[in-house]
Amino acid sequence: MTDWTHEAARLDAEDPLAKWRAEFLLDEGVAYLDGNSLGALPRATPERLQRAIRQEWGEGLIGSWNGAGWIGLPQKIGGMIAPLIGAQAHEVIAADSVSVNLFKLIGAALQMRPGRKVVLSEPGNFPTDLYMIAGQEAQGLAERRLADRSDIGSALDDDVALLLLTHVHYKTGAMYDMAALTKAAHATGALVLWDLSHSVGAVPVDLNGVGADFAVGCGYKYLNGGPGAPAFAWVAQRHHADLRQPLSGWMGHAAPFAFEDDYAPAPGVSQLLCGTPPILGMRALEVGVDLMARIGMEPLVAKSRALSAFTGKVMAACVPELACISPADPAARGSHLSYVHPHAYELCQALIARRVIGDFRAPDALRLGFAPAYVSFADCWRAVSELRAIIDSGDWRRPEFSTRAAVT
Ligand SMILES: Cc1ncc(COP(=O)(O)O)c(C=O)c1O
Ligand SMILES: Nc1c(O)cccc1C(=O)C[C@H](N)C(=O)O
């Protein structure tokens, strides 16, 4: 029988990213496999926030908009995210939430394709993506069309203004072929908006390489920006001149401090700002993005694939009653694996009680995420061995494990 403890230790000893775990404040007793939902806390963040609060806010007061560079943080952090997604620095801005950025870019795309109203997506996409299309539909601006993953190509026709897809599926981890779908959409005259929430910081993304139009992504998952961190939005340079987004707030004005009555959009992605940026959230995001940029996408992707391949193999060998719904090929999936089981919720709670943190996605999926900057092979083996013990002991049947929490 394979000695998985030994094998995990061997892989950890050879792991070139192992040293980066010390850059996070993670309790050694916790195996944190939920960084795809909320990334871990970078060691440098508390001190950076202290400085932002005490010096920049407390001492610098309003002067810090200029003096500490607060006003330029959305563009600065956008520029730091750019190399992680194959973008140019001036094409990315950190702002608002993914949901709000989706609304802005769906609106922008519809205005660029007059005469077309259909926004095409897939059933089972992350709900906010579908709800944001519905929000435009309720105003009579869009028509929502859903097609299964394998039928996207045939659902593209000349009524489609925008194809909106999540690159890595939040539940299954399945990853779209971004280049092929972007090409297929463009062939029918549609624009493409990619939701990179489960991609950025974990899988290779080359937005300009594939010629995509728009993208949004999350700051609090693999970018480790903290709960409710600002998200980001990307617009290909070639669309900057025609960009008109519907949330025309004063911070996206060409001259916000001219206080004019009439709206005039700022050039480029600066127009995507709406209200005042949340500076403390920006400062925390800056630390998280800086860490990812220093590690570099290539080693992050390699480690992510190695972790999920190892876990997939060990789970299949040791806990065969859990059925994996993620693609078998590491290159065809993101950085998490999902397993279905009729008692997935209880299994997940029992795991958390043993300080192995994954999550549950209704109705029956146990999701294990592998944030490559800080997850170890030992963490992965621990998740599998604890699951085996939980099932063998019947521990998951304890009544407290079936009580549903508000947030899962
Ligand atoms: C694919 C995807 N899109 C969007 C969101 C929501 O982003 P936000 O909470 O920033 O609106 C999430 C997760 O929360 C997600 O997984
Ligand atoms: N944003 C979240 C939150 O505020 C609470 C709980 C979970 C989340 C999430 O990020 C969910 C996540 N997008 C997912 O893939 O399931």
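The protein carries the name Kynureninase in an unreviewed UniProt entry, which gives Aurantiacibacter arachoides as its organism. In its Sequence similarities (unreviewed entry) section, the UniProt record describing the protein reads: "Belongs to the kynureninase family." Recorded in UniProt under Function (unreviewed entry), the annotation for the protein is "Catalyzes the cleavage of L-kynurenine (L-Kyn) and L-3-hydroxykynurenine (L-3OHKyn) into anthranilic acid (AA) and 3-hydroxyanthranilic acid (3-OHAA), respectively."

### Description of helix 10 (residues 279–295)
Compared with an ideal rise of 1.5 Å per residue, which puts 17 residues at 24 Å, helix 10 spans 25 Å between its outermost C-alpha atoms and is within 8% of the ideal. The buried fraction of helix 10 amounts to 12 of the 17 residues, a majority that puts the element mostly inside the structure. Buried residues along helix 10 sit against helix 2 (45–59), helix 4 (73–81) and strand 2 (92–95). The first or second residue beyond helix 10 is G296, which carries a positive phi of 95°.

### Some words on the sheet that holds strand 13 (residues 365–369)
The 4 strands lie next to each other as 9-10-13-12, forming an open sheet whose pairing is antiparallel. The open sheet has two edge strands, strand 9 (323–324) and strand 12 (359–361), and neither has a second partner. Here strand 10 (residues 336–340) runs beside strand 13; their pairing, made up of 5 bridges, is antiparallel. Paired with Y339 across the bridge in strand 13 is L366.

### Some thoughts on the UniProt feature "modified residue: N6-(pyridoxal phosphate)lysine" (unreviewed entry) in the protein
UniProt marks K221 with the feature "modified residue: N6-(pyridoxal phosphate)lysine" (unreviewed entry), using the numbering shown here. Within the secondary structure layout, K221 lies in the loop between strand 7 (214–217) and strand 8 (231–235). Residue K221 is classed as buried on the basis of its 28 C-beta neighbours within 10 Å. Non-local contacts of K221, meaning those with residues more than four positions away in its chain, are made with G35, N36, S37, G39, S197 and H198.

### Let's talk about helix 11 (residues 297–318)
For an α-helix, 3.6 residues make a turn, and residues three or four places apart therefore share a direction. Counted at 1.5 Å a residue, the expected span for helix 11 with its 22 residues is 32 Å, and the 31 Å between its end C-alpha atoms agrees. All of the buried residues in helix 11 are M297, L300, K303, S304, L307, S308, F310, T311, G312, V314 and M315. Here the buried face of helix 11 lies against helix 1 (4–14), helix 10, strand 9, strand 10, strand 13 and helix 13 (377–393).

### Digging into the domain arrangement of the protein
Considered domain by domain, the protein is made up of domain 1 (4–32 + 296–402) and domain 2 (46–295). Each of domain 1 and domain 2 has a C-alpha centre, and the two are 29 Å apart. Tallying the contact residues gives 24 residues for domain 1 and 17 residues for domain 2. No other element matches the 5 residues that helix 11 contributes to the side of domain 1 that touches domain 2. For the side of domain 1 that touches domain 2, the class distribution of residues is 14 nonpolar, 7 polar and 3 charged.

### Quick word on the UniProt feature "binding site: pyridoxal 5'-phosphate" (unreviewed entry) in the protein
Sequence positions flagged by UniProt for "binding site: pyridoxal 5'-phosphate" (unreviewed entry) are, in local numbering, S99, F126, P127, T128, D129, T166, D195, H198, Y220, W250 and T276. Annotated residues spanning 178 residues; largest pairwise C-alpha distance 30.4 Å, indicating distribution over more than one region. Tracing the backbone through its elements, the reader meets D129 in helix 6 (residues 127–138). Look at D129 and you get buried, because 24 C-beta atoms sit within 10 Å. Those residues in contact with D129, other than ones at most four positions away along the chain, are L102, S121, L164, T166 and D195. Locating Y220 in the fold gives a position in the loop between strand 7 and strand 8. Those residues in contact with Y220 that sit more than four places away from it in its chain are L38, G39, G225, G226, P227, G228 and A229.

### With respect to the site of ligand 1
Taken together, 13 residues sit near ligand 1, with S97, V98, S99, F126 and S197 positioned nearest. For the shell around ligand 1, the per-class residue count stands at 5 nonpolar, 6 polar and 2 charged.

### What about the packing of helix 5 (residues 98–112) against helix 6?
Closest axis-to-axis distance for the helix 5/helix 6 pair is 9 Å, and the angle between their directions is 45°. If you check the angle between helix 5 and helix 6, you find them oblique. Helix 5 and helix 6 meet at a crossing whose hand is right-handed. Residues V98, S99, L102, F103, I106, G107 and L110 of helix 5 lie in contact with helix 6, whose contacting residues are T128, D129, M132, I133, G135 and Q136. A per-class count over the contact of helix 5 with helix 6 returns 7 nonpolar, 5 polar and 1 charged.

### Considering the pairing of strand 7
Here strand 7 shows two buried faces, one formed by F214 and V216 and the other by A215 and G217. Bridge count between strand 6 (residues 191–195) and strand 7: 3 bridges; the pairing is parallel. The residue bridging D195 from the neighbouring strand is V216, located in strand 7. Summarising the sheet, strand 7 and strand 8 pair through 4 bridges and their orientation is antiparallel. When the bridges of strand 8 are listed, A215 appears paired with W234.

### Considerations on the sheet that holds strand 4 (residues 143–146)
Within the open sheet, the 7 strands sit side by side as 2-8-7-6-5-3-4. Their pairing is mixed. Only two strands of the sheet have a single partner each, and these edge strands are strand 2 and strand 4. On average, adjacent strands in this sheet sit at an angle of 20° to one another, irrespective of strand direction. In the packing of helix 8 (residues 178–187) onto the sheet, the strands contacted are strand 5 (160–166) and strand 6, and the crossing angle to strand 6 comes to about 150°.

Parameters and conventions
Residues numbered from 1 in each chain as written. Chains lettered and ligands numbered in written order. Predicted model: local features only at pLDDT ≥ 70, side-chain atom pairs only at ≥ 80, totals over all residues. UniProt positions renumbered as here; feature names shortened; annotations may be inferred. Helix = DSSP H or I, 4+ residues; strand = E, 2+ residues; numbered from the N terminus. Expected span 1.5 Å × (residues − 1). Buried ≥ 20, exposed ≤ 12 C-beta atoms within 10 Å, placed from the backbone. Contact = placed C-beta atoms within 7 Å. Pairing = 2+ DSSP bridges. Domains from an automatic or database assignment. Nonpolar A, V, L, I, M, F, W, Y, C, P; charged D, E, K, R; others polar. Near = placed C-beta within 6 Å. Axes fitted to C-alpha atoms, helices over the stretch in contact; angles between N-to-C directions. Parallel < 35°, antiparallel > 145°, perpendicular 65-115°, else oblique. Left-handed = near helix turned anticlockwise from the far one by under 90°.

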